[in-house]
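These are the residues of each chain, in order.
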Amino acid sequence: MEQSVAARVALSAATYAIDKPYTYLVPPELRETLSPGMRVIVPFGAGNRRTEGIVLSIEESAAPDPKCKPILTQLDEEPVLDGEGLHLAIWMRERYFCTVYDAARAMLPAGLYFSLQDRYRLAPGIDREAAYEAAGNSEYARTIVEMVCASGSAELGQIRAVFGTRNPGPALKQLVDRGILVLETSASRGVGDKTERVAVLAVPPEDAMAQVTPRRRSAPMRYAVMELLCAIGEASTKELCYFTGASMETLKSLRKSGLIRLEEREAFRRVSVEPCEPAGPVYLNEEQEAAFQGLDALARTGTAAAALLYGVTGSGKTQIYIRLIQESLKRGKSALVLVPEIALTPQLLHHFSAHFGDAVAVLHSSLRAGERYDEWKRAKAGKAQVVIGTRSAVFAPLRNLGLIILDEEQEGSYKSEQVPKYHARDVAKYRCAQTGALLVLGSATPSIESMYQAKQGVYHLFTLRRRYNERALPQVQIADLREELKAGNGGSIGHALRSALEENLRRGEQSILFLNRRGASRMLSCGECGEAPTCPRCSVYLTYHSANGRLMCHCCGHSERVPDVCPNCGGTFHFIGTGTQRVQEELEEMFPGVEVLRMDTDTISAVHSHEKLLARFEQERVPILVGTQMVAKGLDFENVTLVGVVAADLSLYVDDYRAAERTFSLITQVVGRAGRGEKTGRALIQTYTPENDVITFAAAQNYDAFYEQEIGLRELRGCPPFRDLFVLTASGTTESAVLQTCMRLRRSLEEWLRQPPYEGYRSQLLGPAPAAIAKVNNRYRYRLTLSTRNDKRMRALVAHLLCCAQKDKENRGVSVYADVNPLD
DNA sequence: AGCACGCCGACT
DNA sequence: GTCGGCGTGCTC
């Protein structure tokens, strides 16, 4: 009796409700090569449609299930995820209500993604005649057979295109079942492995030199190549030719003589980090040294630990990171550094490459897919032991992980807004727990959650209170915008800010104005009736994009021409909005002839343009820079002595429990920016609510007071860290159906919450309420918010309800998903 | 989510 | 016969 081998596979075609390991037979020809963590193509469902999957485990099974289907193709030569990675994917499913495959996909670089093509051709032994005969009277079958015969094979996409709205599925299935056609599924990958030719010595160096030296005069190139190659062992053919002046012919003749071998090697497309001098040793002040010693002691234990490094702006957290990584590398362990937005931290990148050179791999979203893939491979191959990157870099395939650092851990960009909706901080914590690595959360304004954990003793707390170089904090002034309104000034620049700007202009010093508002862009409004163009598919106003001169929707990407006149009343449109553009215009009017630079998502499209913009600001000493969020980040300019917050309240009154935290953090960071050079700086905060504690605490850079107040509110409101918010969202094209689904969901949730074990949970259920943007892409969205303890049992309940809702035929046409502590 | 299957009515 | 439409049920 022959033993059969079966594999448990997570499938990409499985939805959340039916996601589980599916068992497939491993065909004999794959038994030697297939192992867990490799991707495969398998047939799925009654139609046996081809789908991608990832092998979770392989086992011998004595009695195979008769309905067990075989794996069709092995897609990877070696595992793309190791055991740790597979466990992480399974953990993510439980934690973030996504499928295992969704999680696995998020962990891999896009360069590794496959796309599948289904192609039909005539089965062996079937000719044209036989095929037509088999098609018989069926018009569908005839059409398909014609297509296949015309060019030998037909791609499913082509067939679908020809069929238009009609469905070729049943006819195709029948032709395949009757043995007329065969289906071949191929996988193609966007980014291939880039290879390069490498020349390797084929004989001992002495023998090689002995052969070429006698003919040194007549064949100088052969000699030169061998001389170089003997010195360095191996080199790419390109480099060899470049340095010796030899041609490929020379190398081929050397190969013919048996002196060298030419091999294809993978070439890594290195991300260009501007070359820099290797950095000298890092010097720490007492406070830094104490924090470093404490953290390193934790790292040395090799048991998982988490620490919060709370250091005011300019206290030198980066030097501590570098020392920790150095020590980690000495112990043979790798390190992972996460930053909120890599483009805004060029200095940090520089520091790292200066200290670690080629050991650093950089992973972030603005890399081209190929570059990202290469950096990923360098990490996986152990060629890079330090990875620095944004959110998704938390999955970097580093082995022997000793340290994960999350810089600016309070940043919202660590939370993914797409499926899987993971938080990099949680994933980092999990990876550290699994590998015994140390997690370091660094921040000048820690998230309330992290500080709470630190105060509870869950995280070790290290505090840096001294600014590096002992620079004084800027003078901070709060300006009341209500006074401006009373005085009839409806503009965004009050008189205090105006005179501060004037003074700076006079002194030839630079100023930065900060607008704490997301997507602050221009809108159109009709001068007659006030009508503003809205998106036809979403419930938002369209915004004007200067880059293409069109109105665009930020939700769905819809774009349209700017209408000549108001379609409603025939009036003329004009631009409105308190965006950066408006502020820029106001400033230009206020200070004629003074250049004002603007930096926001509208001006930044090309990959490196913010760097260029900032470089211009610094080098050409442009007097004023206006920008959003991004000007608040790690910028360090000598000549900037004034920082203005245009309207501090803008980010405060938002329906989100993090609004206060975010506002505090932004203002604190911005204020910390002023006067980082020799000159003392000042900061001016304009606000409509000067008495608001968040603003006064931020102005005073008083985190502790802010924390004490905010933690009380969080407890009162049942927000993190005391409870988590599970947000269940239903969406669909029929508003009433979406609302009905939400109500049913609410009723069944209430039912469960009345019974043990859930009746013991302190929880609160809100909704259904329309989502912040009620309609996106013609889909209405309603949501329920459950504030409760986030433990395994509660997640199991949410998962159960999601599955039921997705299977319930009453919810037809409505999709339901869950997110924990979503951003909006 | 797909997709088949089964059933009905319509078209020819 | 052949096809569209629609409800139902399953996916190794």
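Rules of the game
- Residues numbered from 1 in each chain as written.
- Chains lettered and ligands numbered in written order.
- Predicted model: local features only at pLDDT ≥ 70, side-chain atom pairs only at ≥ 80, totals over all residues.
- Heavy atoms only, no water.
- UniProt positions renumbered as here; feature names shortened; annotations may be inferred.
- Buried < 20%, exposed > 50% of the residue type's maximum accessible area, 1.4 Å probe, protein only.
- Helix = DSSP H or I, 4+ residues; strand = E, 2+ residues; numbered from the N terminus.
- Pairing = 2+ DSSP bridges.
- Axes fitted to C-alpha atoms, helices over the stretch in contact; angles between N-to-C directions.
- Left-handed = near helix turned anticlockwise from the far one by under 90°.
- Contact = heavy atoms within 4.5 Å.
- Nonpolar A, V, L, I, M, F, W, Y, C, P; charged D, E, K, R; others polar.
- Core = buried A, V, L, I, M, F, W, Y, C linked by side-chain atoms within 4.5 Å.
- Polar contact = N/O pair within 3.5 Å; in protein donor to acceptor, adjacent residues only side chain to side chain.

- Per an unreviewed UniProt entry, chain A carries the name Replication restart protein PriA and comes from Pseudoflavonifractor hominis.
- According to its UniProt record, chain A has this under Sequence similarities (unreviewed entry): "Belongs to the helicase family. PriA subfamily."
- Recorded under Subunit (unreviewed entry), the UniProt text for chain A is reproduced unchanged: "Component of the replication restart primosome."

1. Section: the pairing of strand β28 (residues 640–645)
- β28 sits mainly inside the fold: 6 of its 6 residues count as buried.
- Relative to β28, strand β20 (residues 510–514) runs parallel, the two being bridged by 5 bridges. Bridge pairing links Gln510 to Val640 in β28.
- Sheet analysis places β28 next to strand β29 (residues 682–687), joined by 4 bridges and oriented parallel. The residue of β29 that forms the bridge with Leu642 is Arg682.

2. Structural notes on the packing of helix α24 (residues 735–754) against helix α25 (residues 792–807)
- Axis separation between α24 and α25 bottoms out at 11 Å; the angle between their running directions is 145 degrees. Crossing hand, α24 versus α25: right-handed. Taken together, the residues of α25 that come into contact with α24 (itself represented by Leu745, Ser748, Leu749, Trp752 and Leu753) are Met794, Leu797, His800, Leu801 and Ala805.
- Here the contact of α24 with α25 is composed, by residue class, of 8 nonpolar, 2 polar and no charged.

3. Notes on the sheet that holds strand β6 (residues 114–122)
- Pairing is antiparallel across the open sheet formed by 3 strands, whose spatial order is β7-β6-β8. The open sheet has two edge strands, β7 (153–155) and β8 (181–189), and neither has a second partner. Strand after strand, the sheet turns through a mean of 30 degrees between neighbouring axes, direction not considered.
- In terms of strand pairing, β6 meets β7 through 3 bridges, oriented antiparallel. Bridge assignment links Arg121 to a residue of β7, and that residue is Ser153.

4. Looking at the nonpolar core
- Ranked by internal contacts, the top residues of the largest apolar core, which has 90 residues, are Val387 and Leu625.
- Setting aside residues no more than four positions away along its own chain, Leu625 makes contact with Ser511, Ile512, Leu513, Leu597, Met599, Leu613, Leu614, Phe617 and Val631.
- With 34 residues, the next largest nonpolar core counts Leu298, Ile322, Phe356 and Ile405 among its residues.

5. Points about the side chain of Ser511
- Locating Ser511 in the fold gives a position in strand β20.
- In terms of polar contacts, Ser511 uses its side chain to reach the side chain of Asn504, at 3.0 Å.
- Apart from the residues within four sequence positions on either side, Ser511 is in contact with Leu501, Asn504, Phe617, Pro623, Ile624, Leu625 and Leu642.

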